[in-house]
Amino acid sequence: MAKSDTPLLDELEKGKWPSFVKDMKQAAQKNPMARDLIQQLELSYKDKIGHWKHGGIVGVKGYGAGVIGRYSDRPDLFPNVQAFHTMRVNHPTGWFYRTDTLRKLCDIWDKHGSGLTNMHGSTGDAILLGTTTNHLQACFDDLSSAGFDLGGSGSALRTPSACVGPARCEWACIDSLDICYDITMTYQDQIHRPMFPYKFKIKVSACANDCVSSIARSDLSIIGTWKDDIQINPQEVFAYASRINIQKEVCDLCPTHCMEWNGRDLKIYNEDCTRCMHCINLMPKALRPGKEKGATILVGGKAPIVKGALLSWVIVPFMKLEPPYGELKSLIERIQDWWDENGKSRERLGELITRLGMRVFLKAVGLQAVPQMVKAPRTNPYVFFWPEDIKKEVK
Amino acid sequence: MAKTDIGPPDYKTMLPPVIQRNYGKWLYHEILKPGVLMHISQSGEALYSIRAGSPRLVSTDHIREICDIAEKYCDGFLRFTSRHNIEFLLDDKNRIEPLIEELKNRGYPVGGTGHSISNIVHTQGWVHCHTPATDASGPVKALMDEIYDYFVTATLPAHVRIALACCLNMCGAVHCSDIAILGIHRTVPKVDNARVPNVCEIPSTVASCPTGAIRGDMKNKSVAVNEEKCMYCGNCYTVCPAMPIADPDNDGISIWVGGKVSNARSAPMFSKLAIPFLPNNPPRWPEVVHAVKNIIEVYATHARKHERIGEWINRVGWERFFSLTGIPFTDQHIDDFDLATETFRTSAQFKWR
C-alpha cells in the first residue's frame, strides 16, 4: 500500500464522530482546490500554525460585503489555493431547507468552488469555503438566478438569525421567523453595503430560553416574553407528578420562588414570576406562556474584541411585535443613527453606550428610564443632571 | 446582470406541509428518546424531528447524501440547528425507526437533545482562517470522539453546551458556554521590516490595532508594536501580511467554564477561566480532550439535577471547583482588565476547599 501523504489528518478519520477529514477527502477526489487544501492543512498540523493570509478586498459587483478574501501563504506549494475566498450565503430563516434548494446550492458550488462548505457559519450563513477571484462574480450570478443572496460581512448589518419559533415550538411568544425575515428583507442595503462604524448583529429568540444566543451574541437582542399569567392545565400538572418531583425540580428551582405545590395543585404567584421558562421547560404539557405576548428588547451584546465581552441590556421591557413591525424598525433606525453619528471606527454599540452613558443613549433614542433596565441603581454619587434641570442664576 | 438584494429564499417555501398546517399552533412536546422530538399541535397532528450530528465542515456530496436521506424518509424537508446539527422533519411515525437505522448505518450519531452534550459550535481554525491560534475542526473531532456517549444519551444533570473559537476574535462567540475552548496567542506579531514597506500601508496598519499598540517606525518605513499594549488579536496581520502573529511554540488553548445563554432559572452568564494554557498537540490534542472530559465527569458526579455547570459552581463555590477538578489555580485566573476588582472577594466568607 502506498504511504499516505496526510498521516496526521488520517488520525482524525478514526473514531465515532463524523470526520471532517473524510469530507475533505471526498471533495478532493474531484476538485484540485480541495486537494491542495487538505495538503496545506496537513502542513499546518505539522507546523502548528495556519497558512492563510487575508489582504486585498475582493467582492461582487454592487456589494461591499458577503465575500471574505483569503490567500495561501505557500502558493509555491499549493497553487490551487493561492486564492481561496469564502462566500457567505444568507440561509433561509430558521435554517429550513427543501432538498431541491440544497441540491441547487451544491451544484453551483461544485461548478465554481472547492465543493466544501460549512453548514453553517456561526452567524448563520451557509458558508461556501474557497474559490478563486475570477469565479466570484459568476458564482454570485448563478446563486442569484437560483434565488440565493449573500449575507453580511465587515462593518455591515450581519445576517440576522432566528430560533425555530412558531414553526415548531409551543413556547414561541413572537413570530421569530417572520420578524427575522422581515428585518433581513427591509435592510438588504445595510447587509450588503457596509456603512456602520463596525459590525451590527440582530438575533431573534421567541422565548427566554434564547436558542440563538441573542443576549450573548447580538448588538440588538429580541426575546419573546409575555405580560399576563402563565397558563395552567391542572390535570396535566397532576399527571407530571408521577414522572417528576414537582416540589424539588420545579418549585425549589424557581428563581423567584413564586410557586407552591401541595401534592395536588400548583399555585403560581404571577406577580413575582420573572418568566425565566424553567417550570414551563419541565412541564410543557401543563404550563404555557401567557396570552399577552410580545418581546423584550435588549442592546449591546458582543464578544470580547475590543473592550471586553458584554451581555445585552434591557432597553424596552415589553413591545408588541406584529407586522409590519413599525415600532421595532423605527427603534432600530434611531439606534443605528445615533451609533453611526457618535461611534468611533471599530466601536460596537455596547462599547459606545459604555463610553457615553446609558442616560445619553436613552435620551437620544427617545426611551424613558424604567427600573426593569437595571439590576440595581447606581452606588456612586457621581450623578449628572441635564442642564434644563438646573435652576439658572437670576440676574 | 444578476439581480442584487433579493435576500434569502423565503423560509415559508421551505416548511414541510405538517408545519405549514400547524404553524404557531403547537401545544407541547416530548423527547421520545435521545435525538427524537415529538411536537403535538392543537389539531392533534404530530411532527417528529430526528436530530443527527454533523462535522459542520461538509462536502457537497455529503449534503447530497443528507438530501437523499431526507427525500427517502421526509419528503425532502429538513433543517439545520443553531449548533450545526441536522434535523430530519417528518409526520409519519412509522418512518422514525427505519430513518434512525439508516442514519446509524451511514455513521450519523443520533442525539443531542435534552440533558446531553450537543454538537460543538466552532470556527474555521487552520482550515480557512488567517489569525487562528489553534485548529477548530481537529480539536472538536478529537473531543467529540471521546465524549460521543454524552451526545447519544441524555444522562447529564443538565445541558452541557461546548463551543470552540480559534482566537479571541471569537467568530464562534464562545464566551457564554458551559465549556469554552479558546485558542490564544501569547506573543506579539513579528514585524518583518524588509517586507512591510512593500506589502503594507502604514496608516491602515496603525489604525487596525484595537488597543493602539502599533505606531509608525519612520526610520525603517515600517511599524513597531508596543508589547505592553498588544493583546494578540491578530487584526494587524489582517491588513499587513508582513507581521505574522502565529507562534507554533506559544500558541495554544485556554479552557473556560460556567457560561450559559438561556434565562432559565439563572440569568445568562459569561464563562470564566479554568485553564489558562494547554499546548497545541495535533492531530488529537490529548491535553485538551483530557481536561474537558475531566471537567464534564466531575460536574456529572457532583451537580444536582437541572444544574448547569455555572449554576453548580455558583452553588458550591470556585474553591470547590478547583479542588474537585484538581485544576491548579494561578495568577492568570485573577482578572487584571477593566472592572477586575468586581471579581475579588470582599468578605471573610469562603471555603477551604
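Below you will find a few notes about this structure. Here the structure is a predicted model, which means the values were calculated and not measured. (Residues numbered from 1 in each chain as written. Chains lettered and ligands numbered in written order. Predicted model: local features only at pLDDT ≥ 70, side-chain atom pairs only at ≥ 80, totals over all residues. Heavy atoms only, no water.)

## A look at the pattern of salt bridges
Then step 1. Tallied over the full model, the rule gives 42 salt bridges over all chains.
Then step 2. One salt bridge connects A:D76 with A:R74, and the closest N-O pair in it is separated by 2.9 Å.
Then step 3. Judged by its relative accessible area of 29%, A:R74 falls in the partly exposed class.
Then step 4. B:D5 is the partner of A:R193 in a salt bridge, and the nearest nitrogen-oxygen pair spans 2.7 Å. Here A:R193 is found in the loop between α7 (188-192) and β9 (202-205), whereas its partner B:D5 is found in the segment before α1 (17-22) on a different chain.
Then step 5. Here A:R193 falls in the partly exposed class, since its relative accessible area comes to 24%.
Then step 6. Among the ionic contacts, a cluster of salt bridges with common partners joins A:K30, A:D107, A:D110, B:D61 and B:R64. (Salt bridge = Lys/Arg side-chain N within 4 Å of Asp/Glu carboxyl O. Buried < 20%, exposed > 50% of the residue type's maximum accessible area, 1.4 Å probe, protein only. Helix = DSSP H or I, 4+ residues; strand = E, 2+ residues; numbered from the N terminus.)

## Considering the interface of chain A and chain B
A common way to state how big an interface is: give the accessible area lost once the parts meet.
Then step 1. The partner chain B presents 113 residues to the 114 residues of chain A that form the contact.
Then step 2. Each partner contributes to the roughly 10000 Å² buried at the junction of chain A and chain B, and carbon and sulfur atoms together form 61% of this total.
Then step 3. For chain A, the biggest contributors to the area lost against chain B are A:W17, A:K48 and A:R168; these three give 10% of the whole.
Then step 4. At the boundary of chain A and chain B, one finds nine salt bridges. (Contact = heavy atoms within 4.5 Å. Buried area = accessible area lost by both parts, 1.4 Å probe.)

## Looking at the nonpolar core
A general tendency of soluble globular proteins is for nonpolar side chains to be buried together.
Then step 1. Counting 109 residues, the largest nonpolar core has A:M87, A:I222 and B:F88 as the members making the most contacts within it.
Then step 2. For this core, the leading source of residues is helix α2 (residues 60-74) of chain B, giving seven residues.
Then step 3. Counting 66 residues, the second largest nonpolar core, distinct from the first, contains A:L9, A:V81, B:V288 and B:I327. (Core = buried A, V, L, I, M, F, W, Y, C linked by side-chain atoms within 4.5 Å.)

## What about the state of the cysteines?
One covalent bond between the sulfur atoms of two cysteine residues makes up a disulfide.
Then step 1. Applying the stated rule across the entire model yields one disulfide over all chains.
Then step 2. Across the disulfide from B:C200 sits B:C240; the S-S distance is 2.1 Å. Torsion about the S-S bond of the B:C200 and B:C240 cystine: about 80 degrees, corresponding to right-handed handedness. Here the residue B:C200 occupies a position in the loop between α6 (196-199) and α7 (202-207), and B:C240 occupies one in the loop between α8 (235-239) and β11 (252-257), the gap between them amounting to 40 residues. Like B:C240, B:C200 is buried.
Then step 3. Its sulfur unpaired, A:C273 is 4.7 Å from the next cysteine sulfur, which belongs to A:C258.
Then step 4. Among the cysteines around B:C236, which has no disulfide bond, B:C233 carries the closest sulfur, lying 6.4 Å off. (Disulfide = S-S within 2.5 Å.)

## Focus: the sheet that holds strand β8 (residues 179-184) of chain B
All names here are of chain B.
Then step 1. Strand order in the open sheet formed by four strands is β7-β8-β11-β12, and the pairing between neighbours is mixed. Strands at the two margins of the open sheet, each flanked by one partner only, are β7 (162-165) and β12 (272-279). The average undirected angle you get between the axes of adjacent strands in this sheet is 20 degrees.
Then step 2. Where β8 lies against β11, six bridges are found, and the strand directions are antiparallel. Bridge pairing in β11 links A180 to W256.
Then step 3. Helix α11 (residues 318-325) rests against β11 and β12 of the sheet, and its axis sits at about 30 degrees to β12. (Pairing = 2+ DSSP bridges. Axes fitted to C-alpha atoms, helices over the stretch in contact; angles between N-to-C directions.)

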